[in-house]
Structures are given as C-alpha cells and as structure tokens.
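Below are the chains, spelled out letter by letter.
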Amino acid sequence: MKDYEITIKKASEVTIFATDNDTLVVPSKVTFESSHDQAEIIIDGVENATIGIPPKADHIELSVENATVNLKGISYSRIEIDGKGKLLINTDTLSGNIDINMISGEAGLVIPSGARFATRTEGKNNTISCLVPEEPSSETIIELNGKNSVLKIHS
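Just so it is clear, the structure is predicted and the values come from calculations on it, not from any experiment.

About the thresholds
Residues numbered from 1 in each chain as written. Predicted model: local features only at pLDDT ≥ 70, side-chain atom pairs only at ≥ 80, totals over all residues. Heavy atoms only, no water. Pairing = 2+ DSSP bridges. Helix = DSSP H or I, 4+ residues; strand = E, 2+ residues; numbered from the N terminus. Salt bridge = Lys/Arg side-chain N within 4 Å of Asp/Glu carboxyl O. Buried < 20%, exposed > 50% of the residue type's maximum accessible area, 1.4 Å probe, protein only.

Undergrad: So what's going on with the pairing of strand E6 (residues 56–72)? Residues and values would help.
TA: Moving residue by residue along a regular strand, the side chains alternate between the two faces of the sheet. Relative to E6, strand E1 (residues 3–9) runs parallel, the two sharing 5 bridges. Within the sheet, the bridge partner assigned to Asp3 lies in E6 and is His59. Pairing of strand E2 (residues 13–18) with E6, which is carried by 5 bridges, proceeds in the parallel orientation. The residue bridging Ile16 from the neighbouring strand is Leu71, located in E6. Note: E6 against strand E7 (residues 75–91), 14 bridges, orientation parallel.

Undergrad: Talk me through the pattern of salt bridges; I want residue IDs and the actual numbers.
TA: A full pass over the atoms with the stated rule returns 5 salt bridges. Of the charged contacts in the structure, one is a salt bridge between Glu80 and Arg78, with a shortest N-O distance of 2.9 Å. For Arg78, a relative accessible area of 32% puts it in the partly exposed group. As a salt-bridge pair, Arg120 and Glu143 come within 2.6 Å of each other at their nearest N and O atoms. Residue Arg120 is located in strand E10 (residues 118–121), and its partner Glu143 is located in strand E12 (residues 141–147); the two are separated by 23 residues in the primary sequence. Where salt bridges share partners, they join Arg78, Glu80 and Asp99 into one cluster.

Have a look at this one:
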C-alpha cells in the first residue's frame, strides 16, 4: 500500500512510525478497509494512538483534533493533515510536501534542523510564522490552507 487515509477521534497523542518491513501496526480499536494501494484507518477512543506503516508512502491523509502528532522515520511524497483546534506536529524527516488544513486553528510544526523547504498560504486570513530559514527555491513545500489559522514552524 502506498496511500493511507487515517482518521483519529479523541486522541491526545498520535504517533505514526515507519515499520522495518511491509507491515501495518494499528491499535485494537480500529476500523480498517483496504483496496488496491490504499488503506483507510479509523481509530476512535484511544488516548495515545500508535500506527505503524511501511517506511515509504506516496500520500498520507491524517484527520485529527487537539493533539500532538509525532511522525517518525516516514518517507512520503505528500502528507495532508486536516486538523481542528490546536495541533503540535513533530517530524524527524522532511521528505515531501506537508499540507495543513485548518479553520480557526493553531498549529506548531517542529522540523529537523537544517531542513530545506518553502512555505505557502492558501485560503483566507491564514498566517505562517517561520522561526527557521526558508529556501524559496526548495521543491519541498509546507502549506497552510483553510481560514483564520496560524502555523508556527521551528526546529
């Protein structure tokens, strides 16, 4: 599988990590559907949700609310985070584009030191505060979409 659509309900911490083989690791309270190269994972009622996916993904779509999100060892072309409330996103790699979609939300993104990226805002009244140097010519884009939201990027 290369595409993952993950919905997490009522979790305060979410960790998505790379497995060392071609396996998926999910909590016991999960709804799981798969077809072709896509998996849909829905987790509800798990305070600290831990999910393992193969180390190379094309597209990851994560839906989460008021949580800390930890991305560990994952390589992706694009990760899309649909968030509500306040999010803190920690990633140890920056291998592809990150889209953060929020309405009236706040997000913090902690990236690895020395990561090369550019930022872009879409939508209405969104603001990105970048506390690390950007590289405007980078192919890796961190984008904030939605309305009335703030993203703070630091290492």
